[in-house]
Amino acid sequence: MAVLKVKFTKTRRDKLAQILWILNWVSVVSGIILFSLGLFLKIEIKKRNEVMAKGDINSVPNMLISVGVIACIINFLGGKICYDCSDANKFSRWKLVMLPYIVCTFCFTFCILVGALMCYTMRNELEESLYLGLRDAIKFYKDTDIPGRCFLKKTVDMLQIGFQCCGNNGFRDWFEIQWVSPRYLNMASKEVLDRLKSNVDGKFLVDGVPFSCCNPSSPRPCIQYQLTNNSAHYNYDFLTEELNIWVKGCREALLDHYTAIMRSIGITALLIWLFELSVLIGVRYLQTAMKNVLLLGDLEGESDGWLLENSFVETAKYNINIIKNLGKANQISTVSGMNDPNIDVQSTDCGKTNVTTKSIPAAS
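The shown structure was predicted, so the numbers you read here are calculated from the model rather than taken from an experiment. (Residues numbered from 1 in each chain as written. Predicted model: local features only at pLDDT ≥ 70, side-chain atom pairs only at ≥ 80, totals over all residues. Heavy atoms only, no water.)

### Considerations on the overall build of the chain
Right, on to step 1. Regarding its fold elements, the chain presents ten helices and two strands.
Right, on to step 2. Sequence-ordered secondary structure for the chain, helices as α and strands as β, is β-α-α-α-α-α-α-α-α-β-α-α.
Right, on to step 3. Each of the 364 residues in the chain was classed as buried or not, and the buried ones make up 38%.
Right, on to step 4. Counted over contacts in the chain with a minimum sequence separation of 6, partners at least 24 positions apart contribute 73%.
Right, on to step 5. For the chain, the exposed area adds up to about 22,400 Å²; of that, 61% sits on carbon and sulfur atoms. (Helix = DSSP H or I, 4+ residues; strand = E, 2+ residues; numbered from the N terminus. Buried < 20%, exposed > 50% of the residue type's maximum accessible area, 1.4 Å probe, protein only. Contact = heavy atoms within 4.5 Å. Areas by Shrake-Rupley, 256 points an atom, 1.4 Å probe, with all protein chains shown as cover.)

Dropping the structure here:
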């Protein structure tokens, strides 16, 4: 029994073909939108490439870009097919193409759904990439004289100012690394030497942060050194007073930024998937209705259209059997070959030595 069978008159078939022709051109625009969204996300990730570890974070934008290009090609072809389907004579040349086209388009729409879901599952990979990238960027913040790292100070400072954040997880991350370059340390100072000796690794660690962590909205001057020393500042308590530096870590700030972008892209991709799926259903109805018209032979009469010719269970069983039997036609069973009468048959000796003149019957 056919699934969701609908009866179509010639007028309804023609209107369906015209509507689908328009919708396929709209789908071309949706493909351009997917391509643009993927390119935008790729550029946004590229902007912060210096503070991200290498990984598979580009898989989502690459997926969206590929799906967008394929959408333009498939829907352009679908528009041409639907335009010709308004004429039964022109449909005959697309008759054998439409079913493979529908199958390919169904797989393509599934890829759109996968791309939309990947936008929501990318957060964990992005968080790990940001954590490792920011950790290394902060670690090499002081290396302004080393080629390949000299840009990191400016990158981190601009990042902290732009996203109003400080450190990787928070401002205390700066307490655990030496972020002041040795060229700016006075080695003749007893305080500097004592700090270097007090650390096992010989690093100059201070309870301070770079200037880019300062919050310009704070009413008091920025306190960026001796943040945990109450006696170093007048009327100051680091445990109770709201610090005038950014408290949020840059990993959290960047993660929120990219999550908002990917959420918007994911919603857009889901809407495009629903739209593409509705167009695909319409093309399936048009294909089956036009096919049945040709079978009936009455081009002006009514015809039935459906999504599946048989029920879901029967269709699933049929496709599973096709997959199971795929390639079996070219295989030879060794078990059946044991009883094959054509196996091990002696070849006929056509040599002249076995044929005598007496065995040849004489002509009467």
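### Side note on the UniProt feature "transmembrane region" (unreviewed entry) in the chain
Right, on to step 1. Using the residue numbers shown here, the UniProt feature "transmembrane region" (unreviewed entry) corresponds to residues 20-40, 60-78, 98-120 and 265-286.
Right, on to step 2. As annotated, residues 60-78 has a helix share of 100% and a strand share of 0%, and its two end C-alpha atoms lie 26 Å apart.
Right, on to step 3. Taken end to end, residues 98-120 is 100% helix and 0% strand, and its two terminal C-alpha atoms sit 34 Å from one another. (UniProt positions renumbered as here; feature names shortened; annotations may be inferred.)

### Here we look at the environment of Ser 303
Right, on to step 1. Tracing the chain through its elements places Ser 303 in strand β2 (residues 303-305).
Right, on to step 2. Note: C-alpha distance between Ser 303 and Val 6 (297 residues apart in sequence) is 8.5 Å.
Right, on to step 3. When near neighbours in sequence (up to four residues on either side) are disregarded, Ser 303 contacts Val 6, Lys 7, Phe 8, Arg 13, Ala 289, Asn 292 and Val 293.

### With respect to the state of the cysteines
Right, on to step 1. A complete count under the given rule lists three disulfides for this structure.
Right, on to step 2. At a sulfur-sulfur separation of 2.1 Å, the disulfide partner of Cys 165 is Cys 250. Because the sign of the S-S torsion sets the handedness, a value of about 85° for the bond joining Cys 165 and Cys 250 places this disulfide among the right-handed ones. With a gap of 85 residues between them, Cys 165 in the loop between α6 (152-163) and α7 (190-198) and Cys 250 in helix α8 (residues 250-296) connect regions that are remote in the sequence. Here Cys 165 matches Cys 250 in class, with each residue buried.
Right, on to step 3. Through a disulfide, Cys 214 is tied to Cys 222; the S-S separation comes to 1.9 Å. Across the S-S bond linking Cys 214 and Cys 222, the dihedral sits near -75°, which makes this disulfide left-handed.
Right, on to step 4. For Cys 222, a relative accessible area of 33% puts it in the partly exposed group. (Disulfide = S-S within 2.5 Å.)

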